[in-house]
Amino acid sequence: MKRVNAGFFPPIPVNNDKSRPMYIQLYDWFRSAIINGRLHPGQRIPSSRYLASDLQISRITVLTAFEQLHAEGYLESSVGSGTYVAKSIPHNAAKLTLVDSRWAPSPSRPGSRRISKLGTKFLSAPVIPRGFRAFQVGLPALDRFPKTIWSRLAIRHSRRTKKELMAYGDPMGRLACREAIAEYLSVVRGVRCDPAQIMIVTGSQQALDIAARVLLDPGDQVWIEEPAYPGAVRAFAAAGARLVPVRVDEDGLDVKQGIKRSPHARVAVITPSHQFPLGMTMSATRRVLLLDWATRNGSWIIEDDYDNEHRFAMRPIASLHGLDKDHRVIYAGTFSKVLFPSLRIGYLIIPKDLIPAFTRVRELSDIFPSPLHQGVLTDFIREGHLERHIRRMRTLYLERHDTLVAEIRKQLGPSFNILTANAGTYLVMLLPDGLRDTIVAEKAAQVDISSVALSTCYQEEPVKQGLILGYGGVDRKQIQDAVKRLAG
């Protein structure tokens, strides 16, 4: 370690350790000294020759550091006079700047690091756990995904990449992929649409966010299921909506209660085929009532078709979108639960007159979806791999569902009621009176068990206390071990 003193000039430490270039060490020292106030505006700096000689380093090293400091405005030179600390540097720079680029949040004034009220509210919202622990909600059976087939298709498209696919793309997504999705939805979900109406998005969360921003002004009222998917709640709260919780019962959303609480709501957000989190299917009567209300009121319905492909006892329930004759339904879906979450491909079906508005709003976020996986998914659908995979997964998820139900009844007993929906990749286990689900979920996490407290899905006072347990991503042995830990 060497130090140099030039009169009253502070000592400069340099280290011969080659892990950091010498010119970076010099640059960092000068920058820090200027900001800290050790070097004052207008103070003369020793010459590059002097520093190079005393530090026993190359003059080029010193000049390189000086060049960067000049470029960033820390130093200035006067011909024939020398180099000085820039006079424009404030005397109180240390109070205005974070030294050494280290993040040290120490607010000097109350409120100096304000964020929005919405951001503050979201900080207190429950965090949805992620990972590979039992019983992670929303995680499919990744161990059974046909990776070899997918990899083969991905290699095919990687080799055929054209320059057109490397440039900016259509905000709606690749036409071939939209055509394949339209064919799939018409057969499996009874959705009637033109491929031009389909927008490829990164998942149902982005779909909800875009729809909220297109359809709502701040203060507009929105029906939200009670209880509801927390991601939908946050998306519409972020758009400034006034959320109106509408209870669900065995027939789904109670349309009459919604009309009573907010007859002129701008939007209704529903999961009619497989309600999240309670799992019931919306009855035909309620569907007709909801569509009639939307038509008469000029309102919009956002149908989030959550996790409906994996229905055990029958074919998937037909979509609400297929009954809509007045084009009031915006339909959202995703392949995250069907294939794998990191695929990040979902879709919106948009009424034709709203396509320009949805396109403009989408361009504000990520401009257009990445094309490579769209091409792979297109072939995966058209070559029949998707249909075969879903069929296999229905059988597998039924087995895992039955295993989880049996283990809960065996190890926890009859006081823990189970809500099953004969579909999907999760179930709800209700807790006996006196148990708080948030506390149970926290204790479960301590023994490496992931769950979602049912009460966090309510906007008003929770009606039920329970845990949402995903079984899609865990095998029989993992289920048995996890329930044993949960019982403990």
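Residues numbered from 1 in each chain as written. Predicted model: local features only at pLDDT ≥ 70, side-chain atom pairs only at ≥ 80, totals over all residues. Heavy atoms only, no water.

Across its 12 residues, helix α17 (residues 476–487) extends 17 Å between first and last C-alpha, which sits within 8% of the 16 Å expected from 1.5 Å per residue. All buried positions along α17 are accounted for by Ile479, Ala482, Val483 and Leu486. Seen along its axis, α17 keeps its buried residues to an arc of 100 degrees; they face one direction. Across α17 from its buried face, at more than 90 degrees, point the exposed residues Lys477 and Lys484. (Helix = DSSP H or I, 4+ residues; strand = E, 2+ residues; numbered from the N terminus. Expected span 1.5 Å × (residues − 1). Buried < 20%, exposed > 50% of the residue type's maximum accessible area, 1.4 Å probe, protein only. Arc of directions from axis to C-beta.)

In this section: the packing of helix α2 (residues 48–55) against helix α3 (residues 59–71). Each packed pair of helices is defined by two parameters, the angle between the axes and the distance between the axes. Where α2 meets α3, the closest approach of the two axes is 8 Å, and the angle between their N-to-C directions is 130 degrees. Classed by the angle they form, the pair α2 and α3 counts as oblique. For α2 against α3, the interelement crossing comes out right-handed. Every residue of α3 that contacts α2 at Ser48, Arg49, Leu51 and Ala52 is listed here: Arg59, Val62, Leu63 and Phe66. Residues of the contact of α2 with α3, tallied by class, amount to 5 nonpolar, 1 polar and 2 charged. (Axes fitted to C-alpha atoms, helices over the stretch in contact; angles between N-to-C directions. Parallel < 35°, antiparallel > 145°, perpendicular 65-115°, else oblique. Left-handed = near helix turned anticlockwise from the far one by under 90°. Contact = heavy atoms within 4.5 Å. Nonpolar A, V, L, I, M, F, W, Y, C, P; charged D, E, K, R; others polar.)

Turning our attention to the packing of helix α8 (residues 175–188) against helix α14 (residues 371–382). Two numbers describe how α8 lies on α14: the axes approach to 9 Å, and their chain directions differ by 35 degrees. Here the hand of the crossing between α8 and α14 comes out left-handed. Residues Ala176, Cys177, Glu179, Ala180, Ile181, Glu183 and Tyr184 of α8 lie in contact with α14, whose contacting residues are Gln374, Leu377, Thr378, Ile381 and Arg382. Taken together, the residues of the contact of α8 with α14 sort by class into 7 nonpolar, 2 polar and 3 charged.

Here the residue pair Ala134 and Phe135 is connected by a cis peptide bond, since its omega of 5 degrees sits within 30 degrees of zero. Mapped onto the elements, Phe135 comes out in the loop between α5 (117–123) and α6 (147–159). Residues Phe276 and Pro277 are joined by a peptide bond in cis, for which omega reads 15 degrees. By secondary structure assignment, the location of Pro277 is in the loop between β8 (267–270) and α12 (284–297). With phi around 55 degrees, His327 is a residue other than glycine that occupies positive phi space. Locating His327 in the fold gives a position in the loop between β9 (300–304) and β10 (329–334). A positive phi angle is found at Asp448, which is not glycine, with a value near 65 degrees. Exposure remark for Asp448: the relative accessible area of 43% places this residue in the partly exposed category.

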